Every structure is written in structure tokens, then in C-alpha cells.
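Structural overview
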Amino acid sequence: MSDIAFVSGAVRLIVPASSANLGPGFDSMGLALAMHDELIAMVTNDKGIKVDVEGEGAESVATDETNLVVRAMNRGFTAMNATPPGFILKCRNAIPHGRGLGSSASAAVGGLIMSRSLVEGGENLLTDSEVLNIALEFENHPDNLSAALYGGFNVSWLVSSGTGPPDTADAVQPTVHPDLVPIVLIPPHGLATSKARGVLSQQVDRSAACHNLSRTGLLVYAMSQDPSLILEATSDRLHQDARASVYPETTAIIASLRSKGIAAMASGAGPAVLLLVDRNRINELETALSEVPPEWTRIAVPVDFEGVRILPLPV
């Protein structure tokens, strides 16, 4: 397409980590966290790509066309009928891989937004809604994707087309009460999401379904209006118990903290643990955390309310 033009110079963006499910909201709720991967890219006149990765996953992440960010960028260019001769991409990763903090969703969303940002007028050629739905090609549920894209607390859903076109996704962002403090406990070991999903049953007990339906409704209220209800609102009977065999240490930590009144839950597919703590009870936390293994990293991570965004290049 001769009328497609690419921006001159480099573009820099950051994309947040995310924690999905939040207890009962399986595959439908996500929270963006202020832990960011940074991408810097530039279209070149030379054919081919060059990829450099620093930080998390630097030893294992692909640096060719199979890199997830590269795949997402190329998919975004295709959606805009844009074909750059080549590009340079630098990834500075801070989101741990294989921990349940949305690293792959952030890569997919970041790559799509990067491609849009490298095309003149790209925001008119590829909307946020289109980004979310194209990203479903890389992740087939929108909870982490919507959080990485929009920021904040997301309730997302899929609309089935029945037969023919694939499902489409949408999301809304309820408010988050200022007294809610997210804290992430990160183990030194990872867990493949495919393994964590593979142990889940295809059928759900009715009592478990009713339990989770009531808690997901309560969770929206607790997150936005009344953090004192957050412990009960994050109660789950749908997926975490079924995964106990693949992350026993995570399961034990969650049970211990919840018995002490701390709203602890698996972050996404785990094995990281997310705590949603009422700021008014923060003083109780240190004693409760004494049983967390010392090799686990503890980080208080604010909610990221902006989602993926373009930043100025460093001077």
C-alpha cells in the first residue's frame, strides 16, 4: 500500500503486568499492576529484523521471527496493510515469566500497540477494540489482555458467534477503591500455564458454580466500594483447589494467609500469589507473611490505571 507511511525514528512504550481471576473471576477478571516491560522499536530500510532482549527471559526468549512481540507486531502490520522493510526491537523485560503475571499477554498487547505506533495514523487503522480482539489469537481469553491494554480493574467477556467468525471480546473497567493495596508474592520457580490449565475439569459442580457466581458479583462491589469485604469476595471453589497438585506450595501459602484474614489467591494460573489488602489492615500483614518462604519475593505493586502507553525516548 503506497499510502502507508512509517514514523521516522524510534518509539518507546511500556506495558503492565497483570493478575487474572482474582479468586472467583476465572478467565473474566484481571488487574493491571505497575510492573512493566519496556519496548523500543524502529522501522529500518534494511530487510529483516533485529531483536535484543534484556531482563526477564533474556536467556530463553527467542530473538527471531518466533518472538511473541515480533509475531504480534507483524500481525498488527498485516491488519493495517503495512509492510515495513525491517525493524529493530529492544525488549527490557521486568515481568517474570511463567509466574501468572501476564507476561505473554503483555507481549502480545505491547507488540500490537508498537506496530500501530510505528505507522503514521496507526490509531485510525487499528483501534483498541481491534487490538484486544487480534490479541485473542495469541491468548484465547481476554482477562490479562484487557488489563494490559486498558489498565485498572477489568471485567472482560467473550461473545460467541455460534458458527463462523471467532468469538469477540470486550471489557469494562470498574473503579478500584483507594484503600486496596495489591501485594505480589513471587516464587523462584515458574509453571507453564498449559500445565495449570490441563488439570482443570471440563465439568463444574453446581454448588461451586453458585459459590463463584455470588463471589464475582461481590468482588466488583468490594473492589470498588467496600474493601472490608475483599476476603469473602475472593473466595474460589472453581479452579484453585483443582490446581493444588501442580502448585502445592502456592496452595499452602494461600490457605495460611486466608486463615489469618488476608485475601490471598493464585495470580492467574500461578504459582505467584496475589494479596489484596485493605490499607486499614496493613499492620497485620507482616506477621501473616512470616510463613512465606524466604526465597519468595514480596513486592507491593500499585494498580496501573493507564495500561499500555507510549513514553518519550530516554535522553
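In terms of burial, strand β1 (residues 11–21) is a largely internal element, 11 of the 11 residues being buried. With 11 bridges connecting them, β1 and strand β2 (residues 25–44) associate as antiparallel partners. Across the sheet, the residue bridging to arginine 12 is isoleucine 40, located in β2. The loop that links β1 with its antiparallel partner β2 comprises three residues; one of these, leucine 22, has a positive phi angle of about 55 degrees. Sheet topology places β1 next to strand β11 (residues 309–311); three bridges connect them, and they run antiparallel. Of the residues in β11, the one forming a bridge with leucine 13 is isoleucine 310.

Let us now look at helix α9 (residues 248–259). Between its first and last C-alpha, α9 extends 17 Å over 12 residues, near the 16 Å set by a 1.5 Å rise per residue. Among the residues making up α9, those that are buried are Thr250, Ile253, Ile254, Ser256 and Leu257. Along α9, the residues classed as buried sweep out an arc of 165 degrees about the axis, all on the same side. The outward face of α9, more than 90 degrees from its buried face, is lined by the exposed residues Pro248 and Ser259. The elements touched by buried residues of α9 are β7 (180–186), β8 (263–266), β9 (273–278) and α10 (285–288). A positive phi of about 85 degrees marks glycine 261, the residue just after α9.

The end-to-end C-alpha separation of helix α1 (residues 68–79) is 16 Å, in line with the 16 Å expected for 12 residues at 1.5 Å each. Restricting attention to buried positions, one finds in α1 the residues Val69, Val70, Ala72, Met73, Gly76 and Phe77. Projected down its long axis, α1 carries its buried residues within an arc of 165 degrees, all on one side. In this fold, the buried residues of α1 make contact with β2, β3 (48–55), β4 (86–93) and α2 (103–117). A side-chain oxygen of the first residue of α1 lies 2.8 Å from the backbone nitrogen of valine 69; this N-cap is asparagine 67. Positive backbone phi, at 55 degrees, marks asparagine 81, one or two positions downstream of α1.

What follows covers the packing of α2 against helix α5 (residues 143–150). Describing two packed helices takes the angle between their axes plus the distance from one axis to the other. Two elements in contact, α2 and α5, have axes whose closest approach is 9 Å; the angle formed by their N-to-C orientations is 45 degrees. Regarding the angle of α2 to α5, the classification is oblique. Note that α2 runs across α5; the crossing there is right-handed. In contact with Ala105, Ser106, Ala108, Val109 and Ile113 of α2, α5 contributes Asn144, Leu145, Ala148 and Leu149. Of the residues in the contact of α2 with α5, the class split is seven nonpolar, two polar and no charged.

Attention shifts here to the sheet that holds β7. Pairing within the open sheet is antiparallel, and its four strands lie in the order β8-β9-β7-β10. Of all strands in the sheet, those bounded by a partner on one side alone are β8 and β10 (297–300). Averaged over all pairs of adjacent strands, the angle between their axes in this sheet comes to 20 degrees, without regard to strand direction. Most of the contacts of α9 go to β8, to which it runs at about 165 degrees, and overall it touches β7, β8 and β9.

In this section: unusual backbone geometry. Here glycine 270 and proline 271 are connected by a cis peptide whose omega angle stands at 5 degrees. By the secondary structure assignment, proline 271 is in the loop between β8 and β9. Phi at leucine 22 takes a positive value of approximately 55 degrees, unusual for a residue other than glycine. One can find leucine 22 in the loop between β1 and β2. For asparagine 81, which is not glycine, the phi torsion reads 55 degrees and is therefore positive. When you line up the elements, asparagine 81 lands in the loop between α1 and β4. The class for asparagine 81 is partly exposed, based on a relative accessible area of 46%.

The rules behind these values
- Residues numbered from 1 in each chain as written.
- Predicted model: local features only at pLDDT ≥ 70, side-chain atom pairs only at ≥ 80, totals over all residues.
- Heavy atoms only, no water.
- Buried < 20%, exposed > 50% of the residue type's maximum accessible area, 1.4 Å probe, protein only.
- Helix = DSSP H or I, 4+ residues; strand = E, 2+ residues; numbered from the N terminus.
- Pairing = 2+ DSSP bridges.
- Expected span 1.5 Å × (residues − 1).
- Arc of directions from axis to C-beta.
- Contact = heavy atoms within 4.5 Å.
- Polar contact = N/O pair within 3.5 Å; in protein donor to acceptor, adjacent residues only side chain to side chain.
- Axes fitted to C-alpha atoms, helices over the stretch in contact; angles between N-to-C directions.
- Parallel < 35°, antiparallel > 145°, perpendicular 65-115°, else oblique.
- Left-handed = near helix turned anticlockwise from the far one by under 90°.
- Nonpolar A, V, L, I, M, F, W, Y, C, P; charged D, E, K, R; others polar.

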